Amino acid sequence: MEYMRIWQEVDIDDIANHLVMVEDLFAHCPGCKQIGIDLKDLKECPNCGRAFKYVTSKEAKGGKVDIVVRTRKKLPDLVFVDYDDYERITGKKKAEKLFNI
């Protein structure tokens with residue numbers, strides 16, 4: 001099986017509200033800032049209860065596929081979101097709110 005980016009319109013707020021950030025072995029919840037979350041059977045934040053539907057990783061910057069493959073094996077039910085795309089879109093939205101665009 002191969003991986004490729006698929007472009008489709010998404011609700012960035014839905015992604016932001018249901019996203020978990022992963023490193024190699026652990027995750028953290030952007031909602032409550034809980035760190036060191038075990039990836040095994042991860043469906044929601046053990047601290048705040050945020051339901052996870054999406055996952056991303058800073059380690060995937062620049063198209064590094066190895067973290068994507070490892071994460072998909074550990075969390076097959078979550079959709080992997082490209083970190084660069086997520087940061088670009090959320091940064092743009094923050095700037096728009098700052099300047100009331």
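Reading the values: rules and limits
- Residues numbered from 1 in each chain as written.
- Predicted model: local features only at pLDDT ≥ 70, side-chain atom pairs only at ≥ 80, totals over all residues.
- Heavy atoms only, no water.
- Helix = DSSP H or I, 4+ residues; strand = E, 2+ residues; numbered from the N terminus.
- Rg over C-alpha atoms; globule rule 2.2 N^0.38 Å.
- Buried < 20%, exposed > 50% of the residue type's maximum accessible area, 1.4 Å probe, protein only.
- Contact = heavy atoms within 4.5 Å.
- Areas by Shrake-Rupley, 256 points an atom, 1.4 Å probe, with all protein chains shown as cover.
- Lys, Arg positive; Asp, Glu negative; His and termini not counted.
- Charge placed at Lys NZ, Arg CZ, Asp CG, Glu CD.
- Arc of directions from axis to C-beta.
- Core = buried A, V, L, I, M, F, W, Y, C linked by side-chain atoms within 4.5 Å.
- Pairing = 2+ DSSP bridges.

Next up on the list: the overall build of the protein chain. Of regular secondary structure, the protein chain possesses three helices and five strands. Start at the N end of the protein chain and walk to the C end: the helices and strands fall as α-β-β-β-β-α-β-α. Relative to the 2.2 N^0.38 estimate, which gives 13 Å for 101 residues, the radius of gyration of the protein chain is 14 Å and therefore close to what a compact globule would have. With respect to the principal axes defined by its C-alpha atoms, the protein chain has extents near 40 × 35 × 20 Å. Looking at the protein chain residue by residue over its 101 residues, the buried ones come to 30%. Of the contacts made within the protein chain by residues no fewer than 6 positions apart, 53% connect residues no fewer than 24 positions apart. When the accessible area of the protein chain is evaluated, it comes to approximately 7,200 Å², of which 54% is carbon and sulfur surface. One way to put it: in the protein chain the 18 positive side-chain charges average out to a point 2 Å from where the 18 negative ones average out.

What follows is about helix 2 (residues 66-74). Since the α-helix packs 3.6 residues into each turn, any two residues three or four apart lie on the same face. Taken together, the buried positions of helix 2 are occupied by Ile67, Val68 and Thr71. Along the axis of helix 2, the buried positions cluster into a sector of 100 degrees, meaning they face one direction only. Buried residues along helix 2 sit in contact with strand 1 (19-22), strand 4 (54-56) and strand 5 (79-80).

What follows covers unusual backbone geometry. Located in the positive-phi region is Lys33, a residue other than glycine, with phi close to 70 degrees. Within the secondary structure, Lys33 is located in the loop between strand 2 (26-28) and strand 3 (37-38).

Here we take up the nonpolar core. If you look at the biggest cluster of nonpolar residues, it comprises 16 residues, and the most contacted ones within it are Val20, Ala27, Leu42, Phe52, Val55 and Leu75. Those elements that place two or more of their residues in this core are strand 1 and helix 2. Ala27 has contacts with Val20, Met21, Val22, Gln34, Ile35, Gly36, Ile37, Leu39 and Leu42, leaving out every residue within four places of it along the chain. Ranked by size, the runner-up nonpolar core spans eight residues in total, among them Ile15, Leu19, Tyr83 and Tyr86.

A few words on the sheet that holds strand 5. Pairing within the open sheet is mixed, and its five strands lie in the order 3-2-1-4-5. Pairing within the sheet leaves two strands with one partner each, and these edge strands are strand 3 and strand 5. Here two bridges tie strand 1 to strand 2, and the two strands are oriented antiparallel to one another. Bridging from a neighbouring strand, Val22 pairs with Ala27 of strand 2.

The values are spatial; any link to function lies outside them.
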